[in-house]
Amino acid sequence: MTPASRAIPVSTAGARSARNGASSELRITQQQNGIYAATFFAMASPCEILIETRDAKLARRAAQAAADEAWRIERKYSRYREDSVLSGLNRSNGASVVVDDETAALLDFAECCFVVSDGLFDVTSGILRRVWTFDGSDRVPAPADVDACRAFVGFQRLLWKRPLLNVPAGMELDFGGICKEYAVDRALAAITARFSGAVLVNFGGDLCASGAPAAGPWSVGVERPDSDREARLLLDLTQGALATSGDTHRFLMRDGVRYGHILDPRTGWPVKDAPRSVTVAAGGCTQAGMLSSLAMLRGSEAERFLTEEGVKFWCLR
Amino acid sequence: MMRRVAALAALLCAVAATSGCSTIGVKPWQRDLLAKPEMQLDADPLDAAIDEHVYFSKEASSGGRGFGGGGCGCN
Amino acid sequence: MQLKKPGSVPTALMAASCALLGASTAKADDSYESDDWQVDSALLYYKEDQQRVQAIEPVVSLKRDFGDDRSLGVKLTYDSLSGGSPNGALPSHSPQTFATPSGASLQAPSGEPQTYTTSSGRVVALLEKVTLYTTEPGQLPLDPNFHDQRVAFSTSWQQRLGEQMRLSVGGDLSHEQDFMSAGLNAALARDFNNKNTTLSFGTNLEADAIRPIGGAPVGGTDYTQLQKGGNESKTVGGVLFGVTQVLSRRWLAQLNYSYDASHGYQTDPYKLLSVIDAGGNAVGYRFENRPDNRTRQSVFLENKLALGRDVLDLSLRHMKDNWGIKSQTADLRYRLELGNAMYIEPHARYYKQNAASFYNLYLNAADPAPDVMSADPRLGAFDAMTYGLKLGMTLADKSEVSIRLEQYRQNARDVPAAFGQLQGLDLNPGLKSFIFQVGWRFSF
């Protein structure tokens, strides 16, 4: 591991910041060593593009392409927007809908993850937030309420035969667990289609790099969940992605039992003993994000799962 | 020869078109390798067209893959 | 689905995320000059040995993607041929003189009658502007004035018809000094089984106008009479049925059956047959004459296999027509990836055909002239092998350059023994040629 004292621009990974209103402004500054840093806000996260080039115009065009792609995906799949394609699907009330190619591809991916995780990862589980509010209080829902809600959870209840999707009345789709990492990969692809130099795309801690700067690998700092801990986990990244899932900030506490916000869709209750944070390295961000999510969902078995599958990871409890 | 071929093709079509054919083929998320440009049947169309033109002028057979465009005066 | 193999989850996710990111998705806003045009260009240099045919052919193909599976393609080809092409006569131990086809008039020019004397001593009236060429003893007679320029243009449009069906339509035009062609084609493809199976049906129609230099000779007649007619034509129509099937994550196969029929002038107006007597002497020549109709059927199977990062392509074809020709083709390519931006692709092709029913290496002076006959080596029995190597490289600007070299060898089969005056001559030397091609592919 290279020392942090090397004069390489540092990109900050880790904790997601709270949603505080989208801003569509793109700011570009030039850091040391000629690396351009572009920042903007998307998907409830501070986003950053680092690109090594001498051409300021190219840096701006590349960053704009990445930001446009992130905002496009947000507009299309945000459940907070009434005009999004996702909200449209959730309002279909049991009618069959023909979905476009991109949505179909996301549904196929979601189906694969559902199957591969034996039902642990489920894009229909978002509806459980109606009974669970993770505000640090002790208001744990009644088992009867959870069971009632669970009747509307389950990917197997959807009728998905490309290109027709049928979401039964009362059920909801939520791509929140896939979208950000997908957007990272898409934004990176938008840049690398025309630019073959070093670039790092970081959307609130989920990041992917293509090529390292001439001076050395990207130095990425992963924040520790406990904010009073000084030392950060520093990683060198040349190529590939890092994604982090965390369970620190949202929870309920009752009778000394901590209820983390990662819910098991099969039971409707929080996963037991989920790690505080899991950071996974993989070839692409979608893949890394899914692996870290799957690990979190396994609770106490997170490290064992990742080790057995031969995945590179850093786990904090 | 042609009757055997027709029977084989008809069998393939019948097997393929029935929904009970879930064993042959891949799930949509398993199409990563098949999506690569070099795995497409028309991966190098110019090479194929040039070869087709050369062999059409020097041999008695042509085509098979699909339709070439434009005849030429040779053969 | 229970996956018990360690490492199977990341593998499945990797494949799935590749499929997700590779899927056709909404086009991003045009804030970043999007690559709508794809250009594929190549320059071919083809050369046969023994001063035979030589060709230089640049080709440019443009394709524009309009999204939603709609695309337009345009291709322009220019072909410059030179060198000599065998005229169908046998070699001889004595020099042979032939007249190249030219001039359109049957009248001898006014003024002094010009004549030429055939090898058998007959004196024939010369046509205006006819050029003579003489073949040296022992050489295969080649018409040395085989030069021509051809320009061809083709276009195609593809789009979707509903979610599971695709349509493509196209047209093409070709023009050279003595041959013009215009064609239309259309095809429909329908997907089944989650796009694992595709059935396709295509049809094409082509009309050719043949304007041989000097007029089309009356088929089968004595060459020395130089009896000429006018222009000719032919039409070709064909259908194709195909099944494409995904057999596994790594294996794709396509099986096609095609049928085509050609009606009209199929003869090569510049080719002859030698008339040989019992002693092996050439006593005359006749123009060739082919049947008016040709119907052909072929079955074609192609397999593409992804082996690691490499790709294996194996195809087989069997063809049969009503001229009595049957052929088999086997073509094998292996694309070997070297590093991230380079590949090498060795190629081998085997081809075998038997002779057309009316193919004759020469005619017997003792026999009456048949109705249909041809000594064109392309209709004879032969085996052919091609060996080739292609090297491709992706450059920093994401364009791809390639270079390809192939060697082609044709060996005649069932060649009758040389007898009498023909002894010591190679009656059908086959063909040796090479293909050299450079290519450049880029988008803008």
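Note that the structure is predicted; figures quoted are calculated from it, not measured.

Student: Which residues make up the overall build of chain B, and what are the values?
Tutor: Looking only at helices and strands, chain B has two helices and zero strands in total. In chain B, buried positions account for 48% of the 75 residues.

Student: Before we move on, can you summarise helix H1 (residues 56–77) of chain A with the specific residues and values?
Tutor: In this model, H1(A) (22 residues) spans 32 Å end to end at C-alpha, consistent with the 32 Å of a helix rising 1.5 Å per residue. Most of H1(A) sits inside the fold, with 16 of its 22 residues counted as buried.

Student: Requested: an account of the environment of Ala142(A), with residues and values cited.
Tutor: Within the fold, Ala142(A) resides in the loop between helix H3 (101–116) and helix H4 (143–150). With ten residues separating them in the primary sequence, Ala142(A) and Trp132(A) have C-alpha atoms 10.0 Å apart.

Student: Describe the pairing of strand E23 (residues 382–394) of chain C, listing the residues and the values that go with them.
Tutor: Residue and element names in this part refer to chain C. Two strands pair when backbone bridges link them, and strand E21 (residues 342–353) and E23 are joined in this way by twelve bridges, in the antiparallel orientation. Along E23, the bridge assignment pairs alanine 348 with tyrosine 387. In the sheet, E23 pairs with strand E24 (residues 400–412) via 13 bridges, with the strands oriented antiparallel. The residue bridging glycine 388 from the neighbouring strand is glutamate 406, located in E24. As consecutive antiparallel partners, E23 and E24 are separated by five residues, and within that stretch lysine 398 has a phi angle of approximately 70 degrees, a positive value.

Student: Could you give an account of the nonpolar core, with specific residues and numbers?
Tutor: Counting residues in each nonpolar core, the largest one holds 102 residues, and the members touching the most others are Ala66(A), Ala70(A), Phe109(A), Val199(A), Val201(A), Leu207(A) and Ala295(A). Look past the residues within four positions of Phe109(A) in its chain and what remains in contact with it is Ile178(A), Trp29(B), Ala16(C), Ser17(C) and Leu20(C). One finds Leu44(C), Tyr46(C), Val53(C) and Tyr351(C) within the second-largest nonpolar core, a separate group that totals 17 residues.

Student: Can you explain the packing of helix H6 (residues 285–297) of chain A against helix H1 (residues 8–22) of chain C? Please cite residues and give values.
Tutor: Their axes nearest at 9 Å, the elements H6(A) and H1(C) cross at an angle of 140 degrees. Taken together, H6(A) and H1(C) sit at an angle that is classed as oblique. Note that H6(A) runs across H1(C); the crossing there is right-handed. Here Thr286(A), Gln287(A), Met290(A) and Leu291(A) of H6(A) come into contact with H1(C), specifically with Pro10(C), Leu13(C), Met14(C), Ser17(C), Leu20(C) and Leu21(C).

Student: Let's hear about the sheet that holds strand E7 (residues 164–166) of chain A: which residues, and what values?
Tutor: Residues and elements named next belong to chain A. Taken in spatial order, the three strands line up as E5-E7-E6 in an open sheet, and their pairing is antiparallel. The two strands at the open ends of the sheet, each matched to only one other strand, are strand E5 (96–98) and strand E6 (159–161). On average, adjacent strands in this sheet sit at an angle of 20 degrees to one another, irrespective of strand direction. Inspection of the sheet shows E5 paired to E7 by three bridges, in the antiparallel sense. Looking at the pairing, serine 96 lines up with asparagine 166 of E7.

Student: Outline the interface of chain C and chain B, listing residues and values.
Tutor: Note: interface size is frequently given as the accessible area lost on complex formation between the parts. Facing the 76 residues of chain C at the interface are 43 residues of chain B. Taken together, the residues of the side of chain C that touches chain B sort by class into 32 nonpolar, 28 polar and 16 charged.

Student: Now, about the confidence of the model for chain A: what can you tell me, with residues and values included?
Tutor: In regions of low pLDDT, the predicted coordinates are not meant to be interpreted in detail. All names here are of chain A. Looking at chain A as a whole, its pLDDT mean stands at 83, while 89% of the residues score no less than 70. Ranking the elements of chain A by mean pLDDT puts strand E1 (residues 10–13) last, at 44, and strand E8 (residues 199–203) first, at 94. Contacts from residues 1–23, a stretch scored under 50 in pLDDT, to residues over four places away or in other chains number 58 contacts.

Student: Residue-level account of the sheet that holds strand E16 (residues 272–276) of chain C, with values.
Tutor: Within the open sheet, the three strands sit side by side as E17-E16-E22 (chain C). Their pairing is mixed. Each edge of the sheet is formed by a strand with only one pairing partner; in this case those strands are strand E17 (282–287) and strand E22 (363–364) of chain C.

Analysis parameters
- Residues numbered from 1 in each chain as written.
- Chains lettered and ligands numbered in written order.
- Predicted model: local features only at pLDDT ≥ 70, side-chain atom pairs only at ≥ 80, totals over all residues.
- Helix = DSSP H or I, 4+ residues; strand = E, 2+ residues; numbered from the N terminus.
- Buried ≥ 20, exposed ≤ 12 C-beta atoms within 10 Å, placed from the backbone.
- Expected span 1.5 Å × (residues − 1).
- Pairing = 2+ DSSP bridges.
- Core = buried A, V, L, I, M, F, W, Y, C linked by C-beta atoms within 7 Å.
- Contact = placed C-beta atoms within 7 Å.
- Axes fitted to C-alpha atoms, helices over the stretch in contact; angles between N-to-C directions.
- Parallel < 35°, antiparallel > 145°, perpendicular 65-115°, else oblique.
- Left-handed = near helix turned anticlockwise from the far one by under 90°.
- Nonpolar A, V, L, I, M, F, W, Y, C, P; charged D, E, K, R; others polar.
- pLDDT = per-residue confidence, 0-100.

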